[in-house]
Amino acid sequence: MEKFYNIWKYAFWHGDGDDFHHKITQGSQKFTSFSNSITTTHLRPLTLVLQGPAGVGKTTLAKKWMLEWTQHNLPKTLQAAFYLSCRDLSRQETCTFAELIAKKWPHAQEAGPEILAQAQRFLFVVDGFDELRVPSGSLVQDICGDWKKQKPVAALLGSLLKRKLFPKATLLVTTRPGALGELRLLVEQPLFIEVEGLSERDRRDYFLRHFGQEDPALRALEAMESNPALSHMGAAPAVCWVVCTCLQVQMEKGEDPAPTCHTATSLFLCFLCGQFAPSPGGSSGLRPRVPLSAVCLLAAQGAWAQTSVFDREDLGRLGVTEADLQPFLDRSILQEDADCEGRYAFVHLSVQQFLAALFYVLDSDTQGDGDRCPRDVGDAQRLLSKEERLRNPTLTLVGHFLFGLANEKRARELEATFGCRVSTGVRRELLRSVSAASQPFSSAAHAKEAVSRLYESQEESLVKEAVAHVEVVSLRLQNQTDVVHASFCLQHCENLQRVSLQVDKGVFLENDGASESDTSKDDHHALCLWTNLCSVFSSNKNLSFLDVQQSYLSHSSVRILCEQITRVTCHLQKVVIKNVFPTDAYQDFCLAFIGKKTLTQLSLEGSFHGDKMLVLLLCEALKHRRCSLQYLRLGSCSDITQQWDDFSLALEINQTLQFLDLTDNELRDEGVKLLCTTLRHPKCFLQRLSLENCHLTEACGKELSSALIVNQRLTHLCLAKNDLGDRGLKLLCEGLSYPECQLRTLVLWQCNITKRGCKHISKLLQEDSSLTHLDLGLNPIATGLWFLCEALRKPNCNLKWLGLRGCSITSFCCRDLVSALTSNQRLEALDLGQNMLGQSGLTVLFEGLKRSRGPLKTLRLKMDRSSVEIQKLLREVGDSNPRLTVEWEDTVMTRSSCCDFPF
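Residues numbered from 1 in each chain as written. Predicted model: local features only at pLDDT ≥ 70, side-chain atom pairs only at ≥ 80, totals over all residues. Heavy atoms only, no water.

**Some points on the sheet that holds strand 7 (residues 334–336)**
Within a sheet, neighbouring strands are paired by backbone hydrogen bonds and run either parallel or antiparallel to one another.
Line of reasoning, step 1. The antiparallel open sheet is built from three strands, whose spatial order is 6-8-7. The sheet terminates laterally at strand 6 (309–310) and strand 7, the two strands that pair on one side only. (Pairing = 2+ DSSP bridges. Helix = DSSP H or I, 4+ residues; strand = E, 2+ residues; numbered from the N terminus.)

As structure tokens, this is what we get:
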């Protein structure tokens with residue numbers, strides 16, 4: 001802290017404004033980047049913002065700078081420093097700015113205009129900007145440059161921060177991170193400095209000084225650091241005092257401190273009960289029932305009001321007496337302001353948040369007369385609501401502590417210490433908050449919050465009830481804490497069917513180039529946690545779907561996961577592995593899938609180009625006698641054609657695989673030629689094939705055509721996003737026209753097909769083709785619709801679904817379309833989305849559909865539903881043709897899923 005302070009002095013004394021600002025105003029700056037940005041020219045005026053969490057020393061540092069300023073350790077011209085507490089300003093009524101600083105400068109009221117010429121002599125410290133409680137927008141209203149004019153306090157403060165008052169003065173603002181957004185709107189070119197509080201070395205020194213001996217100090221420090229949430233709070237000296245005070249008592253009794261630090265709730269509860277425990281050999285000890293409820297009420301009211309300091313007015317309004325607070329003052333849980341008698345604050349915000357949560361679990365009978373005072377405090381349901389937490393971030397940790405207090409063992413500890421009863425009614429609110437969303441665990445963000453709250457409870461019965469009906473869980477693991485929370489909750493999801501995982505870089509260090517000693521220690525712990533999480537795949541009989549995407553694993557973590565997959569008790573049926581690192585992890589997965597009888601659907605996508613071993617292992621899995629794979633997606637494997645002989649042999653041996661998806665592979669025409677050889681083999685059992693975006697041209701049409709004639713099992717073919725063109729389509733249609741061809745679904749989305757191609761398709765459809773589903777979306781067929789309509793009018797056309805989304809169809813085509821739909825006896829669905837039919841075209845279409853008695857059930861259109869005329873036509877169509885559903889869409893260009901492979 002001292003070094004940090006000296007650097008600020010040097011920056012002020014030697015720095016150049018423009019250059020220095022440019023280098024360190026890009027958001028929150030760490031100490032190192034700040035110190036490296038010092039230049040050697042002049043800097044004024046300066047606005048400095050100290051931001052950081054509660055209790056890390058922002059106010060202390062600001063006051064130290066004030067003291068240094070007034071003691072002339074800085075240049076002699078810099079003399080006056082004024083301290084403005086936003087907490088106090090919130091209580092102030094209309095006044096002048098001169099009156100605000102009168103305490104420090106009694107003659108401010110009489111000072112003349114010459115004072116503005118000396119503004120460089122002034123330092124204004126605006127402390128606790130996050131604690132300012134003024135109406136929204138009031139800081140930027142009624143801005144004034146007259147420091148002797150009566151104004152609301154918010155207007156005066158806004159005028160100071162926007163430099164309408166004392167534009168050349170130096171400003172120092174302290175705030176918590178949550179208020180930075182609003183502060184940025186007021187100050188220009190500030191220097192943002194993040195105050196991080198105690199460093200790891202500082203904490204170690206603190207623990208050594210507190211315990212006096214190295215062994216117990218390091219044991220306690222290790223216990224705190226085993227919980228990242230507590231370790232993060234430990235940046236505040238007050239939290240280190242709480243931890244040391246609590247764990248020292250435990251260790252003196254010969255107890256292990258580690259379990260106490262498993263959750264923040266257990267630590268703070270142990271601290272609170274320890275402070276009021278009876279002395280050895282004494283009586284039952286103090287049982288301050290009313291004081292406990294009083295101080296909890298005070299803490300809860302402060303959490304809702306977003307304040308941590310209370311005066312006698314607050315106490316009187318809540319019906320709390322100073323005598324009620326005395327037991328907590330004696331134990332330093334509360335502290336009286338040394339500068340202002342009758343003003344109190346909790347030793348740290350986290351202590352206040354814990355006691356605020358305790359307010360909701362104390363039985364109402366325990367809390368005394370509930371009507372003796374107004375309580376500006378929401379109930380548990382409001383506390384746990386997302387809306388309230390967005391408005392007031394302080395409530396987030398209160399909610400976590402509330403879950404932590406929903407534990408029977410902790411309830412008994414409270415009752416034994418304070419003689420109070422703990423209400424069980426709050427449990428219902430906790431369960432309701434977890435299930436507030438329709439699928440609370442299917443979103444990674446919601447799941448993260450839910451599992452962290454449930455873990456905090458450490459109450460298995462609560463967790464089981466909360467996750468009893470959970471079937472789908474989506475998890476993003478960003479650190480080891482997330483792994484701990486997820487594994488604890490997943491163990492109780494008895495009906496879990498699907499798990500989606502995303503593992504961020506840094507959870508596992510084995511492949512990150514870290515030093516061997518760091519890797520050995522940290523990764524061993526991470527792998528133990530990962531093992532617990534992965535055990536759910538072999539212990540949960542209902543879990544059938546695993547989706548791992550965008551994940552940075554390690555060799556060891558992959559092997560642990562694969563070991564669980566290979567177990568007989570693992571019943572996975574569907575697995576997706578996409579963009580997983582390291583890339584050789586795919587080999588381990590394929591090895592695990594060999595002989596996995598339950599596995600029926602597998603999708604492998606990622607950067608595994610040139611991995612010959614992967615293809616060989618995959619072939620071994622396909623050839624295994626216990627292989628039950630029905631669906632295989634192999635994405636972005638550009639070298640598969642080089643090992644096609646092995647892959648083709650595997651397809652011939654395997655008799656279960658029905659769907660093969662090679663989307664995004666660079667097969668090109670040569671690769672398709674090899675594939676078609678396999679398709680013509682009598683032992684090829686494929687029924688569905690996707691070659692989307694495989695860089696094919698019209699030359700592949702002939703090979704595919706011949707394969708479709710020979711292979712009578714293939715019923716679905718996707719050629720989307722290939723430059724097939726009209727000529728390639730013509731060659732393909734030649735094979736489709738043979739009676740031996742059994743293809744029913746053909747996807748030609750974005751294949752550069754024009755009006756000429758429509759002629760070939762029209763001819764095919766009129767010849768009693770087997771095609772029932774055809775997708776021509778995003779092809780510029782324009783007036784080629786006329787040829788398709790001609791086919792639809794023929795009795796031999798078997799189409800049931802036709803996709804024409806984004807095909808440049810206009811209103812001029814609608815009469816032909818109505819004629820075709822009126823005559824056709826088989827078409828059930830038509831997608832005309834992303835076509836500009838216009839008001840006139842839609843009118844023609846709807847008028848025709850009102851009279852139609854055809855089989856059409858679904859029609860998708862792009863239209864303006866706000867049009868009164870369109871609304872009228874829609875109602876008329878619905879009345880006359882109730883079987884027809886008209887769907888509408890906006891501008892999103894997506895392909896219909898009707899012809900896609902199921903997964």
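**Here we look at the side chain of Arg203**
Line of reasoning, step 1. Mapped onto the fold, Arg203 is located in helix 10 (residues 200–211).
Line of reasoning, step 2. No salt bridge is formed by the buried Arg203; the nearest opposite charge belongs to Glu225, separated by 5.3 Å.
Line of reasoning, step 3. When neighbours within four sequence positions are excluded, Arg203 is seen to be in contact with Leu198, Leu221, Met224, Ser231, Gly234, Ala235 and Cys240. (Buried < 20%, exposed > 50% of the residue type's maximum accessible area, 1.4 Å probe, protein only. Lys, Arg positive; Asp, Glu negative; His and termini not counted. Salt bridge = Lys/Arg side-chain N within 4 Å of Asp/Glu carboxyl O. Contact = heavy atoms within 4.5 Å.)

**Brief notes about the pattern of salt bridges**
Line of reasoning, step 1. One pass over the full model with this rule turns up 29 salt bridges.
Line of reasoning, step 2. Across the pair Glu341 and Arg312 runs a salt bridge whose closest N-O atoms are separated by 3.6 Å. Linking Glu341 in the loop between strand 7 and strand 8 (344–346) with Arg312 in helix 16 (residues 312–318), this pair joins segments that are 29 residues apart in sequence.
Line of reasoning, step 3. Glu341 gets classed as exposed once you look at its relative accessible area, which sits at 63%.
Line of reasoning, step 4. Taken together, the shared-partner salt bridges in this structure form one network comprising Arg91, Asp311, Asp314 and Arg317.

**Thoughts on the nonpolar core**
Line of reasoning, step 1. In this structure, Phe207, Trp530, Leu691, Leu748, Leu804 and Phe846 are the most contacted members of the largest nonpolar core, which totals 233 residues.
Line of reasoning, step 2. Ranked by residues supplied to this core, first place goes to helix 15 (residues 289–305) with 10 residues.
Line of reasoning, step 3. Apart from the residues lying within four places of it in its own chain, the contact partners of Leu804 are Leu776, Gly777, Ile781, Leu785, Leu788, Ile809, Leu830, Asp831, Leu832, Gly833 and Asn835. (Core = buried A, V, L, I, M, F, W, Y, C linked by side-chain atoms within 4.5 Å.)

**Notes on the confidence of the model for the chain**
A low pLDDT score tells you not to read the predicted coordinates there in detail.
Line of reasoning, step 1. For the chain, mean pLDDT is 86; residues scoring 70 or higher make up 87% of the total.
Line of reasoning, step 2. Low confidence marks residues 368–374, where pLDDT is under 50. Its contacts with residues over four positions away, or in another chain, come to 10 contacts. (pLDDT = per-residue confidence, 0-100.)

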